[in-house]
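The primary structure of each chain is shown beneath.
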Amino acid sequence: MQVRVYVTPRKGILDPQGRAVEGALKSLGFSGVSGVHVGRYIVLEIEAASQAAAEEAVKKMCDQLLANPLIEDYRFEVERG
Amino acid sequence: MKWGVVRFPGSLDEGETVFALREVLGQEASILWHKDEQLYGAQCVVLPGGFSYGDYLRCGAIARFSPIMRSVTKFAAEGGLVIGICNGFQILCEAHLLPGALTRNRSLSFICDRVNVRVENARTPFTCAAAAGEVMRLPIKHGEGRYVAPEESIREIEERGQVLLRYVDAAGVEKDEANPNGSMHSIAGVANERFNVFGLMPHPEHAAEKMLGGEDGLKIFRSVIESVR
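Asker: Provide a residue-level description of the overall build of chain A, including the pertinent values.
Answerer: The helix and strand inventory of chain A stands at two helices and three strands. Each helix and strand of chain A, ordered N terminal to C terminal, gives the series β-α-β-α-β. In terms of principal-axis extent, the alpha carbons of chain A reach across some 50 × 25 × 15 Å. The 81 residues of chain A split such that 17% are buried. Counting only contacts in chain A whose residues sit at least 6 apart along the sequence, the fraction spanning at least 24 positions is 65%.

This is the structure:
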C-alpha cells in the first residue's frame, strides 16, 4: 500500500519559513495570498494485512518519528497500490 | 570525575568538549560511541553539538533512536547528570528528556555569534558555580535554536525555575533585540523537572580559554564538578 504523509507547522507556532515564502509571493505580485505554511511530504510503501492495520502503523510512525506533535500537525492517506 | 561525551555520526564538538574537560579542567573524559550501550562509568554524559544524522527529518529526531540513547535515558531516569549542547539539546528535546522543541531561527539564518545569557537559577548542578543574575558571554552557532513549547508548559517550567539561562543584553536585561533566534521567553537553556538533565543552545566548550575569547563556559562544567564532589 502506498502512504502519503503531510507534516505542517502546528497552528499558532511561528512559521518564519511560511512567512518568508508569503512575502516573496506578494513581492511577485500575488496580492491575494495568505496563510502560507511550509511543511514536509513523505511517501512510503507499507505491507499490511488491512487498511486499518496500515493506518494504525502509520499513525504510530507519525507520533514516534515522522512528526513532532509539539510543533507539527500531520495527516496521511493510505492507498491500495 | 568521569565524563562521557557521545559521538553520533555528524557530531562536531565532541573533541573540543573533551579538550575543555580534560586539558583545561583536568577531568577524566572519554568519547562514547553512539552504537555502544555502555556509559563506562561516566558520572555526567554530554551530548555535543553538530549535525547528528545530517539533521535529517528534524534536528535530533534520528539520533534519539541511537543505541546509546537507551542507556542515556535510563541513566537520566536514575538521576544521572546529562548535558545537551546545541544539537545535544535538540536530541534531548526529541527524546522527551527535556520539555519543548527547537525550531528554525526566526530570521531563517544560521547564526554564528557571541551572546549574553543570564543565569536564572543558580541552585542546580549545572549552574551552582555561577551566581543568580550573572551574565555569561558564550558563543552560539545554530540554524534551529528557537525554543518553543506550549504556553502552559512554558508557565510550568518558569514557575519551577527550570529556565537556567536566558538571552539578555550586555547589561543583563531581557529584550527582543538580545534574543538571537526568537526563542519563547528568550530561553537559552532549560532543565528537566528533577534538575539532572540540562540543554542549552550556547556552547560552553567553545568558551573555555581566554585566548579563544573567554572562559565563561567553564562555569557550567565547574558547577557539575562541584555538585558531584
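Asker: How would you explain the nonpolar core if you had to name every residue and give the values?
Answerer: Within the largest apolar cluster, 73 residues are counted, with the highest numbers of intra-cluster contacts made by V82(B) and L92(B). When residues no more than four places from it in sequence are discounted, the contact partners of L92(B) are L47(B), G84(B), L97(B), L98(B), V197(B) and G199(B). Grouped together as the second largest cluster of nonpolar side chains are nine residues, A54(A), L66(A), A67(A) and Y74(A) included.

Asker: I'd like a rundown of the sheet that holds strand β2 (residues 40-45) of chain A, residues and numbers included.
Answerer: Either a parallel or an antiparallel arrangement is found when strands of a sheet pair, and the pairing is made through backbone hydrogen bonds. Residues and elements named next belong to chain A. On the basis of which strands lie adjacent, the open sheet formed by three strands has the order β2-β1-β3 and antiparallel pairing. Two strands close off the open sheet at either side, each with one partner strand: β2 and β3 (72-79). The mean angle between the axes of side-by-side strands here comes to 15°, regardless of whether they run parallel or antiparallel. Sheet topology places strand β1 (residues 2-9) next to β2; six bridges connect them, and they run antiparallel. Counted as the bridge partner of Q2 is E45 from β2. Against the sheet, helix α2 (residues 51-66) makes contact with β1, β2 and β3, and its axis sits at roughly 155° relative to β3, the strand it touches most.

Asker: For the interface of chain A and chain B, give the residues involved together with the corresponding values.
Answerer: Each partner contributes to the interface: chain A provides nine residues, whereas chain B provides twelve residues. With three residues, helix α1 (residues 16-27) of chain A is the largest single contributor of residues to the side of chain A that touches chain B. Tallied by class, residues from the side of chain A that touches chain B come to seven nonpolar, two polar and no charged.

Asker: Tell me what's going on with the sheet that holds strand β3 (residues 44-47) of chain B, and back it up with residues and numbers.
Answerer: All names here are of chain B. Strands sit in the order β2-β1-β3-β4-β11-β10-β9-β6-β7 across an open sheet of nine strands; the sheet is mixed. Because the sheet does not close on itself, it has two edges, and the strands there are β2 (28-33) and β7 (135-142). Neighbour-to-neighbour, the strand axes of this sheet turn through a mean angle of 25°, independent of strand direction. Where strand β6 (residues 111-119) lies against strand β9 (residues 163-168), four bridges are found, and the strand directions are antiparallel. Bridge assignment links V117 to a residue of β9, and that residue is Y167.

Asker: A description of the pairing of β9(B) should follow, citing residues and the corresponding values.
Answerer: Residue and element names in this part refer to chain B. Within β9, six of the six residues are buried, which leaves the element mostly enclosed by the surrounding structure. Where β9 meets strand β10 (residues 187-191), three bridges bridge the pair, whose relative direction is antiparallel. Of the residues in β10, the one forming a bridge with V163 is V190.

Asker: Describe in detail the confidence of the model for chain B, supporting the description with residues and values.
Answerer: Confidence in the prediction of chain B, expressed as mean pLDDT, is 97, and 100% of residues score 70 or more. Among the prediction metrics, the complex's ipTM stands at 0.86, with pTM recorded as 0.95.

Asker: Could you give an account of helix α5 (residues 218-228) of chain B, naming the residues involved and the relevant values?
Answerer: Three- or four-residue spacings in an α-helix give side chains the same orientation, since the helix completes a turn every 3.6 residues. Looking at α5(B), one finds that the buried residues are L218(B), K219(B), I220(B), F221(B), S223(B), V224(B) and I225(B). On its buried face, α5(B) sits against α1 (14-24), β3, β4 (81-85) and β7 of chain B.

Asker: Break down α2(A) for me, citing the residues and quoting the values.
Answerer: All names here are of chain A. With 16 residues, α2 ought to run about 22 Å at 1.5 Å a step, yet its terminal C-alpha atoms sit only 19 Å apart, falling short of that. Listing the buried residues of α2 in full gives A54, V58, C62 and L66. For α2, the arc enclosing every buried residue in end-on projection is 75°, short of the 170-degree limit, so these residues lie on one face. Exposed positions of α2 whose direction lies more than 90 degrees from the buried face are A52, E56, K60, D63 and Q64. Buried-residue contacts for α2 involve β1, β2 and β3.

The rules we used
In this convention, every chain numbers its residues from 1, walking through the sequence in written order. Labels are handed out in written order, letters beginning with A for the chains and numbers beginning with 1 for the ligands. Local features in a predicted model are, by the rule used here, given only for residues with pLDDT of at least 70; side-chain atom pairs are given and counted only at 80 or more, and totals for whole chains, interfaces and linings are based on all residues. Secondary structure follows DSSP: runs of H or I at least 4 residues long count as helices, runs of E at least 2 residues long count as strands, and numbering of each begins at the N terminus. Counts of 20 or more other C-beta atoms within 10 Å of a residue's own C-beta define buried residues, counts of 12 or fewer define exposed ones, and intermediate counts define partly exposed ones; C-beta atoms are placed from the backbone. The contact criterion used is a C-beta to C-beta distance within 7 Å, with each C-beta placed from the backbone. What we call a nonpolar core is a set of buried Ala, Val, Leu, Ile, Met, Phe, Trp, Tyr and Cys residues whose membership is set by joining through C-beta atoms within 7 Å. At least two bridges found by DSSP between two strands is the condition for calling them paired. The convention used is that axes are lines fitted to C-alpha atoms, helices contributing only their stretch in contact, and that angles between N-to-C directions extend from 0 to 180 degrees. Side-chain classes are defined by residue name, with Ala, Val, Leu, Ile, Met, Phe, Trp, Tyr, Cys and Pro counting as nonpolar, Asp, Glu, Lys and Arg as charged, and the others, Gly among them, as polar. The score called pLDDT rates the predictor's confidence residue by residue, from a low of 0 to a high of 100. Here the expected span of a helix is defined as 1.5 Å times the quantity of residues minus one. This arc describes the spread of directions from the helix axis toward the C-beta atoms.

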